[in-house]
Amino acid sequence: MIGSFDADYVIVGAGSSGSVVAEVLSRSGQYKVLVIEAGYSAQFNPWTRIPLGFGKTYADQSVNWCFETELDPGLSRSDFWPRGRVWGGSSTINGLVWIRPFPDDIDAWRESCGFGWTELRPHFDAIENRQAVVGRDGPIAVENPEPFFDQSDRRLHNAFFEAATNLGLTRRNNFDHDLDDPVCACVGYYHTNTRSGLRVGCAEAFLRPANKRVNVKILSGFNAHVLRLEAGEARAVCDGQGNEIRARKEIILCAGSIGSPVILLNSKLKAQLPHLGENLTDHLGINYSFQSKIPTTNDKLNSFPRRVLSGLQYAWSRRGPVGLGINPAGGFVCTGSSGLQPNIQLYLQSLTTTNGFQKQQTGERPLLEPDPFSGFSLGLSSCRPKSRGNISVNAQGKPQIQPNSFSHPDDMSEFIDGVKFLRKLAAQPALRSVICSEIAPGPSVQSDDQLEADIRARCGTVYHPVGTCRMGLDQSDAVVDSQGRVFGVAKLRIIDASIFRSQISVNTNATTIALAHKIAAEIV
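Residues numbered from 1 in each chain as written. Predicted model: local features only at pLDDT ≥ 70, side-chain atom pairs only at ≥ 80, totals over all residues. Heavy atoms only, no water.

Would you explain the environment of Val 462 in this entry?
Its location among the elements puts Val 462 in the loop between strand 23 (460-461) and strand 24 (492-494). Measuring from C-alpha to C-alpha, the distance between Val 462 and Arg 501 comes to 19 Å, with 39 residues separating the pair along the chain. Not counting residues within four places of it along the chain, the set of residues in contact with Val 462 comprises Asp 282, His 283, Leu 284, Gly 285 and Ser 381. (Helix = DSSP H or I, 4+ residues; strand = E, 2+ residues; numbered from the N terminus. Contact = heavy atoms within 4.5 Å.)

Laid out in structure tokens, this is it:
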């Protein structure tokens, strides 16, 4: 209850999913929707709209939970996990890549969840706004960045594409992996959630338009801690400080793969839901960095005068390195015995930050202060890791994140195959002609044992945790059903990446948003 506002639906979390659910549920005007969010609007924080501002929000506690994992045995260290604590959630601070899943990833859910790619695909069509595609006029901007790169950028990109095609990868205009354009080993430009040089996250696309409606209210600064449960129903959301909010119809948790299980764990539901907090899956990534013979983004940002010039260029034209994402291009490749389905995702970054690696390990991302020489990076992540972690809570009810990286031996074997492919890619004539030297990990790292040691020392999350409240047929192996309803607790749903049945092969934000749109549309 906020004043006289008695909500039908209370949405916990104004992030990627919560923003979508609020917009869909409130659209008819029939229901009153209250969104509660621990963070605040960042409408006037320029770093949340500037594409390369990702480097500034990476460790900004005003918009970021700045989680730290437990000591991970697979890495012999903890890892820094940024997650959005702001309107729009992680869509406000992420790397901007928008990519649809492989159809097989979603079809793998059909037996346990009752739907697959055929049922989810229309929701991508409904939410995407692609100016170059007729009929794609939804709320979330999806843009091909290729026209916004200058000649020096394209020289590196073309070298990357040529090297990849020499190794048998197909050059693609987009990564819409659907039935008309099947999955294959390929490279291309990553499309991004931008328009006219500005980030378009879920706050801009869904939440702020919904907030203009009289039947929507947003309560910022409310940190949901626990649910009040009575007679098998979720009756209220509590902050642990004596404040609670009730819903007439349903409470919908959209607090993410960390936040949603934590709220349920604090509500003492683990015994009833044994898979709660389990099945945590994330994509790990690593970069191989090279000193370059040709100018790269480093040369535009690696001194104060150059940063000023790039800032002025952006202010005047919304162009230049500040107005572009960190991963302009990439692709997918099959390594080892993975078969026809790609098992490694590739990234090209036209900058290097090896001078800031230690900063990054402690939660900083010095994208606006790259190395003082021309350089670029080739990166990878494993598409479908087999290792599983978990989320638990400590005595204070705070999250304890255990990724259990490389706990399945196949994941390390796949990673070693992947980094060998990066070097094979770099050795192709097109890329070799622009490389001075490999600077990380460096040419002395050659044997499988050395590669493994380097992977364990330098790899880290690429910010795609899923599965901690996964969907399924019943509570014997899941937490929610295919409509996000929590087993054994009436009037309670979860709609966010925590309910993914299994990890998908690509960046997760687009699928999280489409899934939220699907379930919300089924509610109304």
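Just to check I follow, could you spell out helix 7 (residues 202-211) for this structure?
With seven of ten residues buried, helix 7 lies mostly within the body of the structure. Within the span of helix 7, buried status applies to Cys 202, Ala 203, Ala 205, Phe 206, Leu 207, Arg 208 and Ala 210. Elements that come into contact with the buried residues of helix 7 comprise helix 1 (16-26), helix 5 (117-127), strand 6 (140-141), strand 11 (216-220) and helix 15 (509-523). (Buried < 20%, exposed > 50% of the residue type's maximum accessible area, 1.4 Å probe, protein only.)

Could you clarify how one ought to interpret the pattern of salt bridges in this entry?
For the structure on display, the rule yields 31 salt bridges. With its nearest N and O atoms 3.8 Å apart, the salt bridge here joins Asp 107 to Arg 110. Taking the relative accessible area as the measure of exposure, Asp 107 reaches 32% and is therefore partly exposed. A salt bridge links Glu 438 to Arg 423; the nearest nitrogen and oxygen atoms lie 2.7 Å apart. With Glu 438 in strand 22 (residues 435-440) and Arg 423 in helix 12 (residues 409-426), this pair connects stretches of sequence that are 15 residues apart. Here the residues in one salt-bridge network are Arg 228, Glu 230, Glu 233, Arg 235, Glu 244, Arg 246 and Lys 491, joined through shared partners. (Salt bridge = Lys/Arg side-chain N within 4 Å of Asp/Glu carboxyl O.)

For this particular structure, what's the right way to read the sheet that holds strand 14 (residues 244-246)?
Pairing between the strands of a sheet is mediated by backbone hydrogen bonds and can be parallel or antiparallel. Taken in spatial order, the three strands line up as 12-13-14 in an open sheet, and their pairing is antiparallel. The open sheet terminates on both sides in strands that have one partner only, identified here as strand 12 (226-230) and strand 14. For this sheet, the mean angle separating the axes of adjacent strands, direction not counted, is 35°. With five bridges connecting them, strand 12 and strand 13 (residues 233-238) associate as antiparallel partners. When the bridges of strand 13 are listed, Leu 229 appears paired with Ala 234. (Pairing = 2+ DSSP bridges. Axes fitted to C-alpha atoms, helices over the stretch in contact; angles between N-to-C directions.)

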